[in-house]
Amino acid sequence: MKKILVLGFLVLSVSLNAQLVVDDFKSGDLTNKTMGLGESDFMYQTGNSIIGKTRQIRAKVNQNPFNQNFQVAVKNGKIVISAAYDTRGTVYLGYGKDSNNKAAPMNLDLSSYKNLKIEYDGKSTVNGIFIALFTGTSRATYGKHVEAKEGKIVFTIPLKDFEKISPKYTLKDIDFIRFQFDSRSKTGCNMAINKIWFE
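Owing to the predicted nature of the structure, the values given are computational and were not obtained by experimental measurement.

With that settled, consider the packing of aromatic side chains. In this structure the tally under the stated criterion is 6 aromatic pairs. Ring centres of Phe66 and Tyr85 lie 5.5 Å apart, and the angle between their planes is 50°; on these two criteria the pair is classed as tilted. Here the residue Phe66 occupies a position in the loop between β4 (54–63) and β5 (70–75), and Tyr85 occupies one in the loop between β6 (78–83) and β7 (88–95), the gap between them amounting to 19 residues. Looking at Phe66, the relative accessible area reads 49%, which means it is partly exposed. An angle of 5° between the planes, with centres 6.3 Å apart, marks the rings of Phe179 and Phe181 as stacked. For the pair shown, Phe179 and Phe181 are each scored as buried. Each member of the aromatic cluster is reached from another via a ring pair, and the members are Tyr95, Phe179 and Phe181. Between Lys97 and the ring centre of Phe176, over which it is positioned, the NZ or CZ distance is 5.4 Å.

With respect to the helices, strands and loops of the structure, Val72 is situated in strand β5. Val72 sits in the buried class, given a relative accessible area of 0%. Sequence separation between Val72 and Thr31 is 41 residues, and the spatial gap between their C-alpha atoms is 8.2 Å. The contact partners of Val72, leaving out residues within four places of it in the chain, are Leu30, Thr31, Asn32, Lys33, Ile57, Ala59, Ile79, Val80 and Val91.

Reading the values: rules and limits
- Residues numbered from 1 in each chain as written.
- Predicted model: local features only at pLDDT ≥ 70, side-chain atom pairs only at ≥ 80, totals over all residues.
- Heavy atoms only, no water.
- Phe/Tyr/Trp six-rings, centres within 6.5 Å; stacked < 30°, edge-to-face > 60°.
- Helix = DSSP H or I, 4+ residues; strand = E, 2+ residues; numbered from the N terminus.
- Buried < 20%, exposed > 50% of the residue type's maximum accessible area, 1.4 Å probe, protein only.
- Lys NZ or Arg CZ within 6 Å of the ring centre and 35° of its normal.
- Contact = heavy atoms within 4.5 Å.

The structure is reproduced here in structure tokens:
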């Protein structure tokens, strides 16, 4: 029995160490930020649970015919994105810049990881997720429409599915990561992202 427990502990330790957390949103709170049509704002949070220690948030409203709310907040280990009826907006998350918007290359070696995972709670219709991994001025990108689901979802993206934009791109030296979450729904979009990680 003792051997089984030790073996179980070792397996658990290996599996936990196989994750590289980008953000678990447990640090860097952001009070509810409401955006209007055409508004765009850069916000910065710092914390030890953020890869590179700094999270850059940019929120932008592209369509708002009924002057409804588009809000972003970071609280209680979640980033919450909420768009009202027919309000189309985008939230960008960036990792690899400092709080003055200057490059702070992370030099991450992601070559031993297979997937990028995003865990979120949602009640929404089709929305867009776009991700870019940058090696200096080279990058690889991934884009997908995520269909309507309710409840807790883990969205898994194989790193091999990223499209290389330049032959100089390499997973062995990722300097900057950008996530883009789009609200494109006539009925609105509400989601709370709990965690982003490589595995």
